[in-house]
Amino acid sequence: MPLPYSEIVMEHFRHPRNVGQIENADAKSVEGSPACGDMVAVYLKVDPESQRIADIKFESYGCASNIATGSIITELAKGKTLEEAKSITWKRAADALGGLPPIKTHCSVLAVDGLRAAIQNYEERHGLVKERVPTTVAVVRKRLKRVMNPMAGLDLVRTKLVEEIEVAEGKVRVVIDLPADHQFAANIHEEITEKIEPLWDVEQVVVEFTE
Amino acid sequence: MFENVVYFDNGAATRLDERVLEAMKPYFFDLYAVATSQFGYSLGVDARDALDDARAQIAAALGASPEEFVFTSGSTESSNLALKGVALALGEEKGRHIITSPIEDFPVLYSARALEKQGFRVTDVRVDDTGRVDLDHLRESITPGTILVSIQAANQEIGTLQDVTAIGTICREKGVLFHTDATHSFPRVPLDVREVPVDLVTISAHTIHGPKGIGGLYVREGPALSKAGGTPIRKWMDGGFQEFGLRPGVENIPGAVGFARAVELITPEETARLQGMRDRLIERLLEIPHTRLNGHPVQRLPQNGNVSFRFVEGEALLLHLDMRGFAVSTGSACFSRSLEASHVMLGIGGDHERAHGSVRFTLGRFNEEEDVGAVVEAVADVVAELRRISPLGKE
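Note that this is a predicted model, so its numbers are computed, not measured.

Side note on the interface of chain B and chain A
- With 19 residues of chain B at the contact, the number on the chain A side is 25 residues.
- Among the residues forming the side of chain B that touches chain A, the class breakdown is 9 nonpolar, 4 polar and 6 charged.

What follows is the structure, given as structure tokens:
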């Protein structure tokens, strides 16, 4: 088949593992929304003694990469401790899938975010979260590392597209080194807003382009 | 390898009809010369005759004269030529305002955006939720500085037909040129320039089982640069004096001959057959729960069906259908090259969700009646499977 997906991706897309909901789940997350495209729900059952993920299920309202990544992260996370599962990166999921086309990274990152958010949800529910950190340039930069550059399949920070970050009084300003009419400008704009806006002390996100 | 594919993406490209290829063949191997003037060598004169015949035939299908029809490389070039050519001709003397719709195909959409950067003002005329242009808003939007209205005859995704006669009449009353992109309607939906007040029409061969790389632009009374009283449009490619001086370059004679033959092969009977299939397709797709039709229920292309399935994403659906041997298209962002949801779906007031699960089926000559039943069955199956794994729509 002349598709840009590996056989493993196609296999997981066709027969996704661990699909569905967990009744009385210990934690749950929903990343993305129907309004902005793909959406992933992750459900966790955690063994309180060992802090290991006893069961994990996912649901996807998304494209092939999103479904396949959701499937693979459930396999990677099952049986792991929360700390181990937290460190599962998009890169590891993509490698386990035999690679993903660069342009498809944004759909698949969502599934990895879903896993992290579910773990965070568990930690919040069980009083395992540390103090709220105020948003700084470093915090924003860290978040931008989760926004993919669809041309490269790597994040915006690593591909040096982030020209400037400014944080002042609830307003975050990000300058991206691309022309405003670039093929992916609208997509990148939306993804940045989605990642930065939920920060507890951020009121406004402004994304600017260099030309 | 692809012989078992049931192809429902004829809005993107069509299979060439063998009869078109047969008509083209001599112009590759025997009459391959450039079209020379009547004083040239015989090979070139014969090539010229073939080009003239093709031009006359296509022009006639529009109710136009041969000197009103210019060959181009396809609809992208035609629409670029129409918008930028008129802007070049009238931008200085008449004004710098253009009106278009938010659901135009990319050549018009991005030509307008390019002109905006050059200081032109572009107004998007309102469309309703079926994609039909608000005629009152159009009338109100025309100002003394308006030089061109560019509104498509039929939409590429949702198939909605515009009332080009009403639009043209308004433009004529106000003394503004009217361009329409008829790539998807010509010649299945008749457009006769003797009845419709239109000045420029974009058409293409690739949507009608003709070759890719050939299209054309109807220019009322011909371009003004070659004829007094013609349409003010300026060339923006420099070279020879082909195509009435408007479009230089060695003529694509095999393409022109193929285009003319393709036009000839489209019959009202065939179009009626496709429309019947379309109606059955839409009716059966809408039997799938949580499904809605996109576009106008009646004023729509005879070969276009477009529906949105809630709770599922289009690219996933498309891939599953591909594995089962069906080719369709979707307005989902995941499928687009810019990762943006279809501007048409958003332009008619749809949200991302509606675009996300939208699927376009475009029929063509080589689709059979039984393909309709087969694709509906496959779609129903895949939608059910994707809904099973979706976090939405469980209640």
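As for the environment of Ile67 of chain A
- Following the sequence through the fold, Ile67 of chain A ends up in helix H2 (residues 64–77).
- Classification of Ile67 of chain A by C-beta neighbours within 10 Å gives buried; the count is 32.
- If sequence neighbours within four positions are ignored, Ile67 of chain A has contacts with Phe13, Pro16, Ser60 and Gly62 of chain A together with Ala316 and Ile389 of chain B.

Section: H2 of chain A
Residues and elements named next belong to chain A.
- Spanning 14 residues, H2 covers 20 Å between terminal C-alpha atoms, matching the ideal 20 Å at 1.5 Å per step.
- Where burial is concerned, most of H2 is hidden: 12 out of the 14 residues are buried.
- All buried positions along H2 are accounted for by Ala64, Ser65, Asn66, Ile67, Ala68, Thr69, Gly70, Ser71, Ile72, Ile73, Thr74 and Ala77.
- At the exit of H2 stands Gly79, carrying a positive phi of roughly 85°.

Points about the domain arrangement of chain A
Residue and element names in this part refer to chain A.
- By the assigned domains, chain A splits into domain 1 (7–125) and domain 2 (137–209).
- If you average the C-alpha positions of domain 1 and of domain 2, the two centres end up 23 Å apart.
- Tallying the contact residues gives 7 residues for domain 1 and 9 residues for domain 2.
- In the side of domain 1 that touches domain 2, the residues fall into 4 nonpolar, 2 polar and 1 charged.

What to know about the sheet that holds strand S6 (residues 162–168) of chain A
Residue and element names in this part refer to chain A.
- Pairing within the open sheet is mixed, and its 3 strands lie in the order S6-S7-S8. Each edge of the sheet is formed by a strand with only one pairing partner; in this case those strands are S6 and strand S8 (204–209). Recorded for the sheet is a direction-independent mean angle of 15° between the axes of neighbouring strands.
- Bridging between S6 and strand S7 (residues 171–176) involves 6 bridges; their strand directions are antiparallel. When the bridges of S7 are listed, Val167 appears paired with Val172.
- Lying on the sheet, helix H6 (residues 137–144) is in contact with S6 and S7; it crosses S6 at an angle near 135°.
- Of the strands in this sheet, S7 and S8 touch helix H7 (residues 185–196), which is tilted by about 155° from S8.

Rules of the game
Residues numbered from 1 in each chain as written. Chains lettered and ligands numbered in written order. Predicted model: local features only at pLDDT ≥ 70, side-chain atom pairs only at ≥ 80, totals over all residues. Contact = placed C-beta atoms within 7 Å. Nonpolar A, V, L, I, M, F, W, Y, C, P; charged D, E, K, R; others polar. Helix = DSSP H or I, 4+ residues; strand = E, 2+ residues; numbered from the N terminus. Buried ≥ 20, exposed ≤ 12 C-beta atoms within 10 Å, placed from the backbone. Expected span 1.5 Å × (residues − 1). Domains from an automatic or database assignment. Pairing = 2+ DSSP bridges. Axes fitted to C-alpha atoms, helices over the stretch in contact; angles between N-to-C directions.

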